Amino acid sequence: MTSFSAYQNEIYLQGLGGVVPPFTTDPDALEQSARDRLGPGPFWYVAGGAGSGATVRANREAFDRVRIVPRMLTNATERHLGVTVLGTRLPAPVVLAPVGVQSILHPDGELATARAAAELGVPMVLSTASSHTIEEVAEASGDGPRWYQLYWPNDPEVCASLLDRARKAGYTALVVTLDTWTLAWRPHDLDQAYLPFLRGVGTAIPFSDPAFRAGLQKAPEDDLPMAILRWVQMFTGTDKSWDQLAFLREHWNGPIVLKGIQHADDARKAVEFGMDGVVVSNHGGRQVDGAVGSLEVLPSIVEAVGEQVDVLFDSGIRTGADVVKALALGAKAVMVGRPFAYGLAHGGQVGVQHVLRGLLADFDLTLGLSGHRSPADLGPDALRFA
């Protein structure tokens, strides 16, 4: 049994020797610290949202409207955080969300994140928009659990090739992002005219793919502009339909999860079309301005499909208390994105580990101090709504 809360004691004991954490454990201060370290392009690519940023704010405001009601004398000294999600046994109900172009934050990018996740035994979801190839990140993951996130290309042969590569490289679950078939209006990125893909950053997976390269007259390393043009035409601008999910099922023999679900009817459709799970997510507020906070819609989606498929939650997780709230409202596990990305910017693998160990320790402690011994103990009765 892993005691994630031990990280707190480790920090305090190291303090006796004059050693303090490599950077802040405060999630709000962490974002500001990352802003100080990064240029405006990379920082806002991670931190920014669509339009006015209303959905980014709505995600956090939704958490603020839910309060934990602690219970006493529940024998919560020892806690067991492990869960099974999508057939993967996890030491805690936390997964690293797919975050693209991580090399803009640290030279090691996804390789550092994969190593950090593997050290802690939590799955990393590799983005199609990675700075490194599927195979390179798999090697960095070693024996660690790994899932693959698909930005669904318009070319069926390229799509099948990506899925085949992921399967052969040991990725066990497929996370299909539905809400980003074209980019939203993102003022912070637009003001900097900053889109890394147009510079060939975050394109390592398609540019290394044999089916993608077969459609080029010259290799990407010999004619980058034409490769980028093919990438743009293939990965942006075209929405898909429910009946096309059959293609993914045909080419992927493991669990398939749909990410970006915000309505109970869409969750029911996911079940109807044979999916194994959904991720309740609004892409961290980066796609639809003025949208509902993800936590607000989580209960209705859990009620609709929670007994049939795994429901995961994403968008707004910052603290251990946030994890407790999402689990109490029915999520099987949560995905965390921006915080680990900020950790990556501070110190590569060590930075990601520090952020994740802090979040897991916070969750472990908050779970126990609120009177619960495992995620299975959590339910809506642990909360009060403002």
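Cut-offs used in this document
- Each chain carries its own residue numbering, running from 1 in the direction its sequence is written.
- Thresholds applied to this predicted model are a pLDDT of at least 70 for local features of residues and 80 or more for the giving and counting of side-chain atom pairs; totals over whole chains, interfaces and linings are not thresholded and use all residues.
- Excluding hydrogens and water, the side-chain values take into account all heavy atoms of the structure.
- Lining residues are defined by having an atom within 4 Å of a point belonging to a cavity or pocket. Those points lie on a 1 Å grid over the protein atoms alone, cavities being sets where a 1.4 Å probe fits but cannot get out and pockets being open sets with protein on both sides within 12 Å along at least five of seven lines.
- Grid points are joined across faces, edges and corners, and a volume is the space filled by probe spheres set on the points.
- By the criteria applied, helices consist of DSSP H or I runs no shorter than four residues and strands consist of E runs no shorter than two, each listed in order from the N terminus.
- When residues are grouped by polarity, Ala, Val, Leu, Ile, Met, Phe, Trp, Tyr, Cys and Pro land in nonpolar, Asp, Glu, Lys and Arg in charged, and all others, Gly among them, in polar.
- The nonpolar core is taken to be a set of buried Ala, Val, Leu, Ile, Met, Phe, Trp, Tyr and Cys residues, with the residues joined through side-chain atoms within 4.5 Å.
- For the exposure calls, accessible area comes from a 1.4 Å probe over protein chains only, and a residue counts as buried if that area is under 20% of its type's maximum, exposed if over 50%, partly exposed in between.
- Note on definitions: a residue-residue contact is assigned when non-hydrogen atoms from the two residues lie within 4.5 Å.
- UniProt positions are given in the numbering used here, feature names are shortened, and annotations may be inferred rather than shown by experiment.
- Think of it this way: a Phe, Tyr or Trp ring, Trp meaning its six-membered ring, pairs with another when their centres are within 6.5 Å, and the plane angle makes it stacked under 30 degrees, edge-to-face over 60, tilted otherwise.

### Thoughts on the layout of surface pockets
When its volume is computed, the largest pocket comes out at roughly 770 Å³. In this structure, the largest pocket is lined by 37 residues; those nearest its centre are Thr25, Asp26, Pro27, Arg318 and Thr319. Mapped onto the lining of the largest pocket, the elements with two or more residues apiece are helix 1 (6–15), helix 2 (27–37), helix 3 (40–47), helix 4 (54–64) and helix 16 (338–369). Take the lining of the largest pocket: its biggest share by element is 10 residues, from helix 16. Along the lines of polarity and charge, the residues of the lining of the largest pocket split into 14 nonpolar, 16 polar and seven charged.

### Things to note about the nonpolar core
Ranked by size, the top nonpolar core spans 106 residues in total, and within it Tyr148, Tyr171, Leu298 and Phe313 carry the most contacts. Looking at which element gives the most residues to this core, the answer is helix 16, with 12 residues. With residues up to four places along the chain from it excluded, the contact list for Tyr148 reads Val125, Leu126, Thr128, Ile134, Leu162, Ala166, Tyr171, Ala173, Leu174, Val175 and Ile205. Of all hydrophobic cores here, the second largest spans 15 residues; its members include Leu86, Ala173, Val175 and Ala333.

### Some thoughts on the UniProt feature "active site" (unreviewed entry) in the protein
Residues given the UniProt feature "active site" (unreviewed entry) here are His283. Within the element layout of this structure, His283 appears in the loop between strand 9 (277–280) and helix 14 (294–305). Looking at His283, the relative accessible area reads 13%, which means it is buried. The contact partners of His283, leaving out residues within four places of it in the chain, are Tyr151, Thr177, Asp179, Thr180, Arg186, Lys259, Asp314 and Ser315.

### With respect to the packing of aromatic side chains
Scanning the model with the defined rule gives 10 aromatic pairs in all. Measuring from centroid to centroid gives 6.4 Å for Tyr45 and Tyr194, while their planes differ by 70°, and the two rings are edge-to-face. You can see Tyr45 sitting in helix 3 and its partner Tyr194 sitting in the loop between helix 8 (187–191) and helix 9 (204–207), a full 149 residues away along the chain. By relative accessible area, which is 16% here, Tyr194 ends up buried. A ring pair is formed by Tyr148 and Tyr171, whose centres lie 6.1 Å apart and whose planes are at 70°; its orientation type is edge-to-face.

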